[in-house]
Amino acid sequence: MKMLVIFEKSKRIRHVGHLDLMRTMQRALRRSGLPVAFSNGFNPHMLLNFAAPLSVGTSGRREIMEVPLSKEISEADFKSALSAALPSDLPCIAVRAVDDKHPAPMSMLRAAAYSIEFYENARPLIDAIPRLLARDTIMVMRKTKSGEKLCDIRPMIYDLCAVDDTHISCTLSICESATCKPELLMDALYAEAGLAERSYCLYTRMQMYGENMVPLELL
Amino acid sequence: MKELSTERLDRLLDSVLKPSRYIGGEMNAVSKPFDQAELTFAFCFPDSYEVGMSHLGIKILYDIINKQPWALCERAFMPWPDMADGLRRENLPLFSLESRQPLSRFDIIGFTLQYEMCYTNILEMLDLADIPVYSADRKDGPIIMAGGPCAYNPEPLAPFIDVFQIGDGEDMMVEAISCVRDCKAAGKSRLETLRALAGIEGIYVPAFYEASYNEDGTLASFAPTDPCAPSVVRRCVVTDLDHASYPSAFIVPYTEAIHDRIVLEIMRGCTRGCRFCQAGMLYRPVRERSVETLLRQAEELENATGYEEISLSSLSSGDYTHLTELVTALIERYKDKKVSVSLPSMRLDSIVKQSLEETQKIRKSGLTLAPEAGTQRLRDVINKGVTEDDLIRAVKDAFETGWSTVKLYFMIGLPTETEEDLAGIGVLARDVINTYFSVPKSVRAKGLRVTCSASTFVPKAFTPFQWQGQDEYDTIIKKQKDLADILHQVKGVNFNWHEPELSMLEACFARGDRRMADVLYQAWKTGCRMDAWSEYLRFDLWLDAFKACGLDPAFYANRMRGEKELLPWDFIDAGVTKAYLWCEWQRALKGETTPDCRNGCQGCGMQRFEGVCSK
């Protein structure tokens, strides 16, 4: 049996890196006393699977972690034990029990919705959205392991709009072959708007989706 | 007062290295309403978060202060230089991690003094907090306290710190914060509050004392100038460690601290009497916790933290009376929970083979041994009661039980050291390697790794070597080079050493007087900070600072002191008497050893403290 844990990583915790988050979750699970399965081998460890790591600084409203268990346990019991063991800034929102054959969340991930919030009016940037979306191709320089590479992110933008003068929302492709981070989209938008100076903004991943834009946590 | 703007702080945190150092909110961090506390205390560690969060004292005192319903203790660490510069650039004040309050809003700021080379960070943190660094310039705002091992020679920090705590902090801290709370409630002035604090045992208020100097630069007199201040400040001692307060929960950092695990303080103090060791003199006598107490603490801490490792802490864990019983019980209890038990600072003459076998059941870490010197003659001088046979027996046991990584710690520049002593280090290293190969292939583990580490001897206050001059810089460099050549000829040994520049500055502060404060201020003012991190040490600026203040580092570091010289720390009664230390110094020069006092009192002076020594 495996448990899908939906948790929030926001406020101060957005500065915690992915490896530190994994260790934090492992220790929380140890404190909780829940029957988590360990790997076999010389150095046994918990086999936690995260749907997708967040960049340091980016918040996540409904992040997903998969926890393999060594014993059956009810969702309600699991949630209350884990919640009691987590720091208050890292709350568990929901859990869902799935069987061992359930595919890993990462393998089903296709897209994610982001919210981008500014401390000041971002009107000039927002005005550039329709112009950017009207393009057939949007070429941006992305950094990969093997250096910089020019790539077209237009097909990876599923949705992009302004909520108000300080708030942009977007839905972007995120899967092995085609991932567009919101920072990359902002590079393109700044270029389209012809703005050299960046305004400070906060990124939040609001939701992750699988095939046909079904929320990943329901798959 | 600088205000903490959320937007500017968010932006800054997004631009610095490891922002998780500054976020607080970790598991088991306190969250009490700041404005409702009768007394607020900011515990400041003058080094990075990762170093500070590894320190046991902060965990103990943070817990003790927060256990008082009327008090609140929060934490702050030395920001990494990128963050320090960012705070200045954004005009943001240094803040506490828990409630993000500017430090200047606290009633007390307390620094722990673990290492002399963190002193510039204290000035840097005060300045970042918008607090004048000199006590004399502070008319209001927090009272600045300091404690810890370096407080036994407080003089180089005297003009910057309002109140020093000398000795064990458990009881003294509650007394000190209660005193400040009462003074605050009664509306007493800063001066009246400092006077009240000066009356507490273990507390030293430097503003109430005056020093004068002889023509040759040595101290002529040191005396109180205010009737409230005692002429001798007596160290505070916790007599019953088993019932002393200990946290039942540790804060669990998000980012990895250097020592990120459960620490059980199995005992405090060591009576072996190594003559270079300040801790061995300052934490006398030996006080042990019972196995029952330690097992209870282990269980509470394991439940509260989820840590995967328990380590035993003391100056000499091998001397703990019930070591085998404790280690066996811990391993038995935690093997199913996959918690490992490690035994650091193990003295090689007391390693029990049984304990070694028990430890490796879970995880095998490297074996660290500290012979300190290369020949028996020099080991007798420093009173390190360890023979080459002890060492070889210990590593043989270790190799036979599956260890293959050994670290050997040595010091160079010890009193009376000769070339022969350096050559002896090479002999010892070769013997360790030969011992490994004498163990049958089928028994020993593969991949032998022997590391020899040589640090430079730094004479410290309240040790028998407090009269000894440190080797001059050029001599240290030559000895390091010679030792490197010697060890180069021993196949399979890695050699590393410490920067001699740092050891020299450490020696100046370890036995410095009040005038060293001028050097410290000047060095900080010209840009020195994070000196303990080699990438930030600016030795040139330090030398300039000495010059600008008209002081000679050799006067502090390299000069031999005489029996009659008044030492800057003589006004502190640390337990061991000056007469005993001098006697030990003379025995050292004759190569005579002194046995562990648990086998018979050696008259160090601790008997004068009521109820402290059991024998």
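Residues numbered from 1 in each chain as written. Chains lettered and ligands numbered in written order. Predicted model: local features only at pLDDT ≥ 70, side-chain atom pairs only at ≥ 80, totals over all residues. Heavy atoms only, no water.

Participant: Quick one: what's the story with the side chain of A:S59, residue by residue and with numbers?
Facilitator: Residues and elements named next belong to chain A. As for its placement among the helices and strands, S59 is situated in strand 3 (residues 59-68). Relative accessible area serves as the criterion here: at 7%, S59 is assigned to the buried category. When sequence neighbours within four positions are dropped, the list of residues in contact with S59 reads K9, S10, K11, R14, L54, Y203, T204 and R205. (Helix = DSSP H or I, 4+ residues; strand = E, 2+ residues; numbered from the N terminus. Buried < 20%, exposed > 50% of the residue type's maximum accessible area, 1.4 Å probe, protein only. Contact = heavy atoms within 4.5 Å.)

Participant: Kindly report on the domain arrangement of chain B, identifying the contributing residues and their values.
Facilitator: All names here are of chain B. Assigned domains within chain B: domain 1 (6-234) and domain 2 (261-498 + 575-599). A C-alpha centroid distance of 32 Å is found between domain 1 and domain 2. Taken together, the contact between domain 1 and domain 2 spans 10 residues of the former and 12 residues of the latter. Summing the contributions of domain 1 and of domain 2, the shared interface buries around 920 Å²; its carbon and sulfur component is 47%. The largest per-residue losses of area from domain 1 upon contact with domain 2 belong to L56, Y152 and D168, which jointly make up 50% of the total buried on that side. Taken together, domain 1 and domain 2 are joined by 4 salt bridges. D168 is the partner of R268 in a salt bridge, and the nearest nitrogen-oxygen pair spans 3.2 Å. Viewed at the interface, domain 2 and domain 1 are joined by 5 residue pairs in polar contact (both at pLDDT 80 or more). Each residue belonging to the side of domain 1 that touches domain 2 can be placed in one class, and the counts come to 5 nonpolar, 2 polar and 3 charged. (Domains from an automatic or database assignment. Buried area = accessible area lost by both parts, 1.4 Å probe. Salt bridge = Lys/Arg side-chain N within 4 Å of Asp/Glu carboxyl O. Polar contact = N/O pair within 3.5 Å; in protein donor to acceptor, adjacent residues only side chain to side chain. Nonpolar A, V, L, I, M, F, W, Y, C, P; charged D, E, K, R; others polar.)

Participant: How would you explain the sheet that holds strand 10 (residues 262-265) of chain B if you had to name every residue and give the values?
Facilitator: Residues and elements named next belong to chain B. Strands sit in the order 10-13-14 across an open sheet of 3 strands; the sheet is parallel. Bordering the open sheet on either side are strand 10 and strand 14 (340-342), each of which pairs with just one other strand. In this sheet, adjacent strand axes meet at a mean angle of 25° when their direction is disregarded. The sheet contact formed by strand 13 (residues 309-313) and strand 14 spans 3 bridges and is parallel. (Pairing = 2+ DSSP bridges. Axes fitted to C-alpha atoms, helices over the stretch in contact; angles between N-to-C directions.)

Participant: Any chance you could break down the interface of chain B and chain A for me, citing the residues and the numbers?
Facilitator: Residue-level contacts link 32 residues of chain B with 24 residues of chain A. Counting the surface lost from both chain B and chain A, the interface buries some 2500 Å², and carbon and sulfur atoms represent 50% of this. Three residues stand out in chain B for area buried against chain A, namely B:M27, B:Y254 and B:K338, and they jointly supply 26% of the buried area on that side. Where chain B packs against chain A, one counts 6 salt bridges. Among the ionic pairs, A:R27 bridges to B:E308, the shortest N-O distance being 3.0 Å. Counting every contact that joins chain B to chain A gives 16 residue pairs in polar contact (both at pLDDT 80 or more). Taken together, the elements giving at least two residues each to the side of chain B that touches chain A come down to helix 1 (6-13) and helix 9 (291-305) of chain B. For the side of chain B that touches chain A, the element with the most residues is helix 1 of chain B, which contributes 5 residues.

Participant: Requested: an account of the confidence of the model for chain B, with residues and values cited.
Facilitator: On average, residues of chain B carry a pLDDT of 93, and 96% of them reach 70 or more. Here residues 347-351 of chain B scores under 50 on pLDDT; set against residues more than four positions off or in separate chains, the count is 26 contacts. (pLDDT = per-residue confidence, 0-100.)

Participant: Explain the domain arrangement of chain A residue by residue, including any values.
Facilitator: Residue and element names in this part refer to chain A. By domain assignment, chain A separates into domain 1 (2-106) and domain 2 (109-218). A C-alpha centroid distance of 27 Å is found between domain 1 and domain 2. Taken together, the contact pairs 19 residues of domain 1 with 15 residues of domain 2. Here domain 1 meets domain 2 over a buried area of about 1400 Å², counting both sides, of which 47% is carbon and sulfur. Its salt-bridge partner being E217, residue R62 comes within 2.9 Å of it at the nearest N-O pair. At the junction of domain 1 and domain 2, the tally comes to 11 residue pairs in polar contact (both at pLDDT 80 or more). Only strand 1 (2-9), strand 3 and helix 3 (105-108) provide two or more residues apiece to the side of domain 1 that touches domain 2.

Participant: Residues and numbers for the side chain of B:R561, please.
Facilitator: Residue and element names in this part refer to chain B. You can see R561 is positioned in the loop between helix 19 (553-557) and strand 19 (572-573). At 3.4 Å, the side chain of R561 and the backbone oxygen of R511 are in polar contact. A distance of 3.3 Å separates the side chain of R561 from the backbone oxygen of Y556, its partner in a polar contact. When sequence neighbours within four positions are dropped, the list of residues in contact with R561 reads Q466, W467, R511, F555, Y556 and L567.

Participant: Describe the pattern of salt bridges, with residues and values.
Facilitator: Residue and element names in this part refer to chain B. Overall, the coordinates contain 64 salt bridges over all chains when judged by the stated rule. Note that D182 and R181 form a salt bridge whose closest N and O atoms lie 3.1 Å from each other. Given a relative accessible area of 43%, D182 falls into the partly exposed group.

Participant: Can you explain the packing of helix 14 (residues 419-438) of chain B against helix 15 (residues 473-488) of chain B? Please cite residues and give values.
Facilitator: Residues and elements named next belong to chain B. Direction vectors running N to C along helix 14 and helix 15 enclose 30°, while the axes themselves pass 9 Å from each other. For the element pair helix 14 / helix 15, the angle class is roughly parallel. The handedness of the crossing between helix 14 and helix 15 comes out as right-handed. Each of L422, A423, I425, G426 and A429 in helix 14 lies in contact with helix 15, whose residues at this interface are K479, D482, L483, I486 and L487. Grouping the constituent residues of the contact of helix 14 with helix 15 by class yields 7 nonpolar, 1 polar and 2 charged. (Parallel < 35°, antiparallel > 145°, perpendicular 65-115°, else oblique. Left-handed = near helix turned anticlockwise from the far one by under 90°.)

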